[in-house]
Every structure is written in C-alpha cells, then in structure tokens.
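Remarks on the overall topology
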Amino acid sequence: MPKVVKTVLTDTVKNTTVPIVIQANGNLTAKQRVELYSEVQGIFKTGNKLFKPGQKYNQGETLIRIDASEYYASVQSAKSNLYNSIAAIMPDLRLDFPDVFPKWQSYLNGFDLNKTTPKLPEISNEKENYFITGRGIVSAYYNVKNLEQRLAKYRITAPFSGILTEALVTEGTLVRNGQKLAEFINPSVYEMEVAVSKSFGSVLKEGENVSLSNLEKTENYTGTVSRVNGNIDATTQTITVFIEVKHPDLKEGMYLEANLDAEKVDNAIEIDRNLLLDSQEIYVVKDSLLDVIPAKPIHFSDTKVILKDVPNGTIILRKPVPGAYAGMRVKSSSSTTTTKDSIK
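Residues numbered from 1 in each chain as written. Predicted model: local features only at pLDDT ≥ 70, side-chain atom pairs only at ≥ 80, totals over all residues. Heavy atoms only, no water.

1. Some remarks on the pairing of strand 8 (residues 162-167)
- Both strand 5 (residues 56-57) and strand 8 contribute to a ladder of two bridges, which runs antiparallel. If you follow Lys56 over to strand 8, its bridge partner there is Ile163. (Pairing = 2+ DSSP bridges. Helix = DSSP H or I, 4+ residues; strand = E, 2+ residues; numbered from the N terminus.)

Set out below in structure tokens:
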C-alpha cells in the first residue's frame, strides 16, 4: 500500500542577533494642553475671533475677555487715591526731607493713571521709612497692585500657539468664578502613553526612536521615548512609557501602535509562535523524518517567538504541519510557493 508523504516548507537555521521589539498601543494626547478656568465673574465679551472648537490662536493672543468696566473703575479710584496721598506729603518732604524730595517728585511726574502703577521709589533711611509708612503710602500702593493683578484676570491670553478643542461658553454668557471655560492644546507635539512589562524597565532609555503606525498600517510615523515612569503598576506589573511624536497629520485621540526596540539577543532565531510546541520543543527534519528538539524561548510577541539553543544548519519547519508527530515521513521543500501533498 503506498505511503502518503507530506511536502513541508522548511528553513535552515542560521543564528544571528535578533532585536526584541515590544509592541504596544495607545491614544495620542497633546503634550501641551491647558484647561481654562475663570477666576472672576462677568459677561463674556465678543472678540476678534469666534470662541469655538477648532479656532486657532497665536501665543499672546486674547482668548477670552470678560467685561471689567465696573472693576476697572474701582482700580482707577484706588490709583487716584494713591496719587493724591503722595501729592499730599510733597510739601512736608520738601521741608523735612529735601534730599529725598527729588525722587518722589520724579515718581509723581511719571505716574500715569492709564498705565500700570510704577514701583515706589527705594526708601533710603529709617526716618523716611517711618514718614512714608506712617502716611499709609506703602499699604495704599500694595492695595493698588493687588487690584491690578485681579484686573489682569479679566483677560485670558493664549499661553502658546494652538487650537481650541472644547469651548463651554459663548459670547454674551455670564461667566462665574471657578467655571471651566475651554480646553486649549498645541497641535504640533503629541504624546502616547503605553504600558510595557517591568522586565524591560532597565533597557528602555529616553531618547530612543520608536516606530509608530496606524491600525490600518497605511501610515508610519517616528517618535522618541520622552519619559519613563519610575513607578511600577502594582496591579499589572507594567511600566508606563511616554512616546513623543510630531506630524501635521496627527490629531488628538488617534489610536497608534508602537514598536519599541528593547534589547538584542545574540545567537538566536525568530519563528512563528505556532511552530513552538507546548513542551518548549520545535519540529526539525532529519533524513526525511520529523523529529523534535528542545528550544529556549526568550521573548514572545503577538505572532513571533525568539529562540536560543537551536544549532546552526538545523532544518526546521517554516509552516505548521497538521497532524505532525515525531517520526512522520515528510518531503522537505524550501520553496516559498504553496505546495500540495505528494504521494510516493
């Protein structure tokens, strides 16, 4: 009775240096992002640009302007009181402190109610300090500076050039103290957070290049490891790695896959995972018969496994053989084309 001999695809082992590539995935988030909150209350005034998601702003450009006319009047009143207080002591300064009179006269001459209040002149001696402080000049000055600081909060400017991704208020609304107004991001630099096994914590270094791709594998990007968390997640025993990537086509929230080069294994081979048996052995072809030899797996990926201790020149299977067993007679073929079972 003729015996059925299967033709199998084989490879000849040649041990080389195989890099361990860690596959991870995650979503992009903007490296620079701010949530805008109001520290004051008032009516949101209409600006030069519509306050809508997708609107771009340059660094220093006004994002939000809240009506501060009432508060501005109180600031001007406090500045006027400070000016009057200093002017009231000028005759006494001329008589009792003629040496310091010129600098205070110069201060008054440079005082402009429509500009930021200038810093008080340096007090040069103890008598001058008692005289100026006793007239309430210093406390009035710091009261004005406090009011000016709060007045600046009625106008929110862009901390960097970017784009609005969320706008929770519109022109004409009453903005309340502590209310969230918007989210603002820099769309030129993104980060992706991925979790990798703690066993690679010592080999992942900042500045290493990372290959990134979208789910469809149609677009490829290059990123770099920007930060590695020093803490290990107690639940999953993984380390968080942050990958920085720049590309004009990227958007926040995009899902990407990353390939991180962890380390290199010398004298090893890489084969499909389904070729490794549960007994940590692989099939080899010896004298047209299948046999098994032990192999030492070093690293598993989704589809591949890196093995050591497989001698050079060993003929191994390239594709799994259904129903394979040790001692099975096969016909070896190194052709990459699909072959059919042949009969002897």
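On we go from here.
2. Concerning the pattern of salt bridges
- The full count for this structure, using the stated rule, is 16 salt bridges.
- Notably, a salt bridge pairs Glu148 with Lys145, separated by 3.3 Å at the nearest N-O pair. Placement of both Glu148 and Lys145 in helix 4 (residues 137-152) is noted, with a separation of three residues, approximately one turn of the helix.
- Taking relative accessible area as the criterion, Glu148 reaches 14% and is therefore assigned buried.
- Linking Arg227 and Glu191 is a salt bridge whose minimum nitrogen-to-oxygen distance equals 2.6 Å. (Salt bridge = Lys/Arg side-chain N within 4 Å of Asp/Glu carboxyl O. Buried < 20%, exposed > 50% of the residue type's maximum accessible area, 1.4 Å probe, protein only.)

3. Overview of the sheet that holds strand 3 (residues 33-37)
- An order of 3-10-8-5 is seen for the four strands of this open sheet, with the pairing classed as antiparallel. With partners counted over all chains shown, the strands left at the sheet margins are strand 3 and strand 5, one partner each.

4. A word on the confidence of the model for the protein chain
- Per-residue confidence for the protein chain gives a mean pLDDT of 87, with 96% of residues at or over 70.
- Considering only residues more than four positions removed or in separate chains, one finds that residues 336-344, a stretch of pLDDT under 50, has 14 contacts. (pLDDT = per-residue confidence, 0-100. Contact = heavy atoms within 4.5 Å.)

5. What to know about the packing of helix 1 (residues 69-96) against helix 4
- Contact geometry for helix 1 and helix 4: axes closest at 9 Å, N-to-C directions at 160 degrees. In this view, helix 1 runs roughly antiparallel relative to helix 4, as classed from their interaxial angle. As helix 1 packs across helix 4, the resulting crossing turns out to be left-handed. Counting all contacts with helix 1, which are made through Tyr71, Tyr72, Ser74, Val75, Ala78, Lys79, Leu82, Ser85, Ile86 and Ile89, the residues of helix 4 involved are Ile137, Ala140, Tyr141, Asn143, Val144, Leu147, Glu148, Arg150 and Leu151.
- Split by residue class, the contact of helix 1 with helix 4 holds 13 nonpolar, three polar and three charged. (Axes fitted to C-alpha atoms, helices over the stretch in contact; angles between N-to-C directions. Parallel < 35°, antiparallel > 145°, perpendicular 65-115°, else oblique. Left-handed = near helix turned anticlockwise from the far one by under 90°. Nonpolar A, V, L, I, M, F, W, Y, C, P; charged D, E, K, R; others polar.)

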